[in-house]
Amino acid sequence: TGAISGAPTTAATAANYTITVTDSASATSSKAVSLTVNAVQRTVSVVVAGNQISGTGTASVVLASQGDENALGFSVTFNPAVLRYDSFTAGADATSASINPNDSQKTTGKVGFAIALATGSRFSAGTRHLVVLNFTVLASAASETIGFGNVPIVGEIANVAANALTATYTPVTI
């Protein structure tokens, strides 16, 4: 028995391949198979424990990393009549990163972040905790969305060569 594994970054339609195996006695066997490659999706998401904030609380921004990301920028959006942005702390996976916040538009519900690792460094593949946002609840609401926008910092992710990488940005409704 054996396994073919990996974390593909590019999707491919079904194609035919021949797999040949050799055992310890040098005997070989081949089999034709059809494989479809589904790329791993890179996402940046807002996560709130229990999907609620009351009084004061936090929202985390996490990256589902493919392991090739060096830097990213994004802006978090929220309703300033319901939530007040107070501050942030570095997430567990960004403590060695340079984090530059732009909270000049926090009163209009927009806070941006530029995060960069050292030259040549990459976030490891997997779920990476980038920043923890601290909020105060100003008014109750049936539901509220903390999402993403492109002001004051445009959403973009780059690899170590500064090439743009694609991502999906996922909001949370609390």
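All of these numbers come straight from a predicted model, not from anything done at the bench.

Enquirer: I'd like a description of the packing of aromatic side chains, backed by residues and values.
Expert: Centre-to-centre distance and the angle between the planes together describe a pair of aromatic rings. Inspection of the entire model under this criterion finds six aromatic pairs. Ring centres 6.2 Å apart and planes at 75° place the aromatic pair tyrosine 85 and phenylalanine 135 in the edge-to-face group. Placement of the pair is tyrosine 85 in strand β6 (residues 83–90) and phenylalanine 135 in strand β9 (residues 126–137), with a sequence separation of 50 residues. A residue is classified by how much of its surface remains accessible, and tyrosine 85, at 5% relative accessible area, is buried. An angle of 65° between the planes, with centres 5.4 Å apart, marks the rings of phenylalanine 148 and tyrosine 169 as edge-to-face. Note that phenylalanine 148 is positioned in strand β10 (residues 145–149) and tyrosine 169 in strand β13 (residues 168–170), a separation of 21 residues in sequence. Among the aromatic side chains, those forming a connected cluster through ring pairs are Phe74, Phe88, Phe113, Phe148 and Tyr169.

Enquirer: Residue-level account of the sheet that holds strand β3 (residues 43–47), with values.
Expert: Strand order in the open sheet made by the five strands is β6-β9-β4-β3-β13, with mixed pairing throughout. Of all the strands in the sheet, the pair left with one neighbour each is β6 and β13. Strand after strand, the sheet turns through a mean of 20° between neighbouring axes, direction not considered. Of the pairings in the sheet, the one linking β3 to β13 comprises three bridges and is parallel in character. Bridged to valine 44 within β13 is tyrosine 169.

Reading the values: rules and limits
- Residues numbered from 1 in each chain as written.
- Predicted model: local features only at pLDDT ≥ 70, side-chain atom pairs only at ≥ 80, totals over all residues.
- Heavy atoms only, no water.
- Phe/Tyr/Trp six-rings, centres within 6.5 Å; stacked < 30°, edge-to-face > 60°.
- Helix = DSSP H or I, 4+ residues; strand = E, 2+ residues; numbered from the N terminus.
- Buried < 20%, exposed > 50% of the residue type's maximum accessible area, 1.4 Å probe, protein only.
- Pairing = 2+ DSSP bridges.
- Axes fitted to C-alpha atoms, helices over the stretch in contact; angles between N-to-C directions.

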